[in-house]
Amino acid sequence: MSDGITDTPHSEHVHQPAAGLRRWLYTTNHKDIGTLYLCFALTMFFTGGAMAMVIRAELFQPGLQLVEPLFFNQMTTVHGLIMVFGAVMPAFTGLANWLIPIMIGAPDMALPRMNNWSFWILPFAFLILLSSLFMEGGGPSSGWTFYAPLSTQYSGNSTALFVFAIHIMGISSIMGAINVIVTIFNLRAPGMGWMQMPLFVWTWLITAFLLIAVMPVLAAAVTMVLTDKYFGTSFFDAAGGGDPVLFQHIFWFFGHPEVYIMILPAFGIVSSIIPTFSRKRLFGYRSMVYATSSIALLSFMVWAHHMFTTGLPVVAELFFMYTTMLIAVPTGVKVFNWLATMWRGSLTFETPMLFAIAFITLFTIGGFSGLMLAMTPADFQYHDTYFVVAHFHYVLVTGAVFSILAAAYYWLPKWTGHMYDERLGQWHFWCSLVSVNVLFF
């Protein structure tokens, strides 16, 4: 009897170690992994944000002030890569991990061990990318689009590290996407048909298919950059029979669906928040599903609108101009449905709702400026100007980032049991709204 009593604390102690670091390293729980993704994304937001501060400080007035031109180029390049692959995408993946099983009534994600691995390779990818900044010759400096021949002939030896990092990020994204698809297909609660799924689940399902379709294209592009630089191939070298414009075609065939990968989950978030604070059902659920699908399909047919000035044949420029303008139609359907949901609703303006309304307004500005860029003759004037920078930051900052903030304010109290301070939330919103417009308008 006394043996049993002395044994009990000991046997409890044996099962304990999972509580500390091991719990987070080995976890297969979708909520834990979602939390890891969100914390990682926040860290990367601050890292990429610090780089943006360097960029803004350097541009504060003409002439060299703070940093060397090469370092400035490294900052713009790594800022872009970190914000796209390290901040926005992992944040959405974290929300997906938390919400999808809950929303479809599943016990967890379908492939929990793969879920763990797809997160834990990410910090190493970004460690590799950031460590390249400390190499001789510095980090990648060819812009976040790393066009050839800048990335193949005129870049330092950090190219190899940067390509390796991109590969790891791609593997992580593909595994996350497979997990989302398998979970939604196989683990929906009995009786939940396709048209009963919350819109956040729909947008993520479509995003996951996009990820699986385009991530291998990016992997191909960076692999060709790698072999051009180190193994004497000439995919993008005109002297060896290659074509530098081929790089742009491959890159943007990935790059354009990629921007929709970063905005479709935002549509899902806003479609959850607007009905809540309007006290109404979402207007036009089915049309929202079809609009999201159309956007995803059309996103594969517009890539060369980034390339109007590369000397495409006129017929190609017309094709890409019209398909790009066509994407505005399903996007307009979504904006109309959100406004119709709010119309005559019993609205209240808590922080998540403020971010969601700002999302609709400012994302629309991003969309309209995109429509202007879609016009081939106009794009000849706009190409490579700050107008383009402002356009995609309206889409990504007031679009993707505002929706992530809205999601945090909306769901974190439910997940943690702690309500945020509404006054501070409102301060956060108004400061963000004013500063982001002062910066990009």
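Below: a short report on this structure. Here the structure is a predicted model, which is why all the values come from computation and not from measurement.

Structural notes on the packing of aromatic side chains
All chains considered together, the criterion is met by 40 aromatic pairs. For the ring pair Phe247 and Phe251, a centre distance of 5.9 Å and an interplane angle of 15 degrees mean the geometry is stacked. Of the two residues, Phe247 and Phe251 are both situated in helix 8 (residues 244–261); the distance of four residues between them amounts to about one turn of the helix. Both residues of the pair, Phe247 and Phe251, count as buried. With a centroid separation of 5.7 Å and 50 degrees between ring planes, the pair formed by Phe253 and Phe300 is classed as tilted. A residue pair is termed long-range when its members are at least 10 positions apart, and Phe253 in helix 8 and Phe300 in the loop between helix 10 (285–298) and helix 11 (314–342) qualify at 47 residues. Taken together, the ring pairs in this structure connect Phe85, Trp144, Phe146, Tyr147, Phe162, Phe235, Phe236, Phe247, Phe251, Trp252 and Phe254 into an aromatic cluster. A cation over a ring is seen here: Arg23 above Trp24, with NZ or CZ 4.3 Å from the ring centre. Directly above the aromatic system of Trp194 lies the positively charged group of Arg188, at a separation of 4.0 Å from the ring centroid.

As for the packing of helix 11 against helix 12 (residues 351–374)
Contact pair helix 11 / helix 12: the axes reach a minimum separation of 10 Å and the direction vectors enclose 160 degrees. One way to sum up the angle between helix 11 and helix 12 is to call them roughly antiparallel. Remark: the crossing between helix 11 and helix 12 carries left-handed chirality. Counted together, Met321, Thr324, Met325, Ala328, Thr331, Val335, Trp338, Leu339 and Met342 of helix 11 and Met353, Ile357, Phe359, Ile360, Phe363, Thr364, Leu371 and Ala374 of helix 12 form the full contact between these two elements. Of the residues belonging to the contact of helix 11 with helix 12, the class tally is 14 nonpolar, three polar and no charged.

Structural notes on the environment of Met197
By the secondary structure assignment, Met197 is in the loop between helix 6 (158–186) and helix 7 (199–230). For Met197, a relative accessible area of 1% translates into the label buried. As a C-alpha pair, Met197 and Ile184 span 13 residues in sequence and 9.3 Å in three-dimensional space. Non-local contacts of Met197, meaning those with residues more than four positions away in its chain, are made with Ile184, Arg188, Met192, Trp202, Leu205 and Tyr285.

Brief notes about unusual backbone geometry
Between Ala148 and the following residue, Pro149, the backbone shows a cis peptide bond with an omega angle of 0 degrees. Inspection of the secondary structure puts Pro149 in the loop between helix 5 (112–131) and helix 6. Despite not being glycine, Arg279 shows a phi value in the positive range, around 55 degrees. Its place among the elements puts Arg279 in the loop between helix 9 (264–278) and helix 10. A positive phi angle, near 60 degrees, is found at Asp384, a position not held by glycine. Relative to the elements of secondary structure, Asp384 occurs in the loop between helix 13 (376–382) and helix 14 (386–416).

The rules we used
Residues numbered from 1 in each chain as written. Predicted model: local features only at pLDDT ≥ 70, side-chain atom pairs only at ≥ 80, totals over all residues. Heavy atoms only, no water. Phe/Tyr/Trp six-rings, centres within 6.5 Å; stacked < 30°, edge-to-face > 60°. Helix = DSSP H or I, 4+ residues; strand = E, 2+ residues; numbered from the N terminus. Buried < 20%, exposed > 50% of the residue type's maximum accessible area, 1.4 Å probe, protein only. Lys NZ or Arg CZ within 6 Å of the ring centre and 35° of its normal. Axes fitted to C-alpha atoms, helices over the stretch in contact; angles between N-to-C directions. Parallel < 35°, antiparallel > 145°, perpendicular 65-115°, else oblique. Left-handed = near helix turned anticlockwise from the far one by under 90°. Contact = heavy atoms within 4.5 Å. Nonpolar A, V, L, I, M, F, W, Y, C, P; charged D, E, K, R; others polar.

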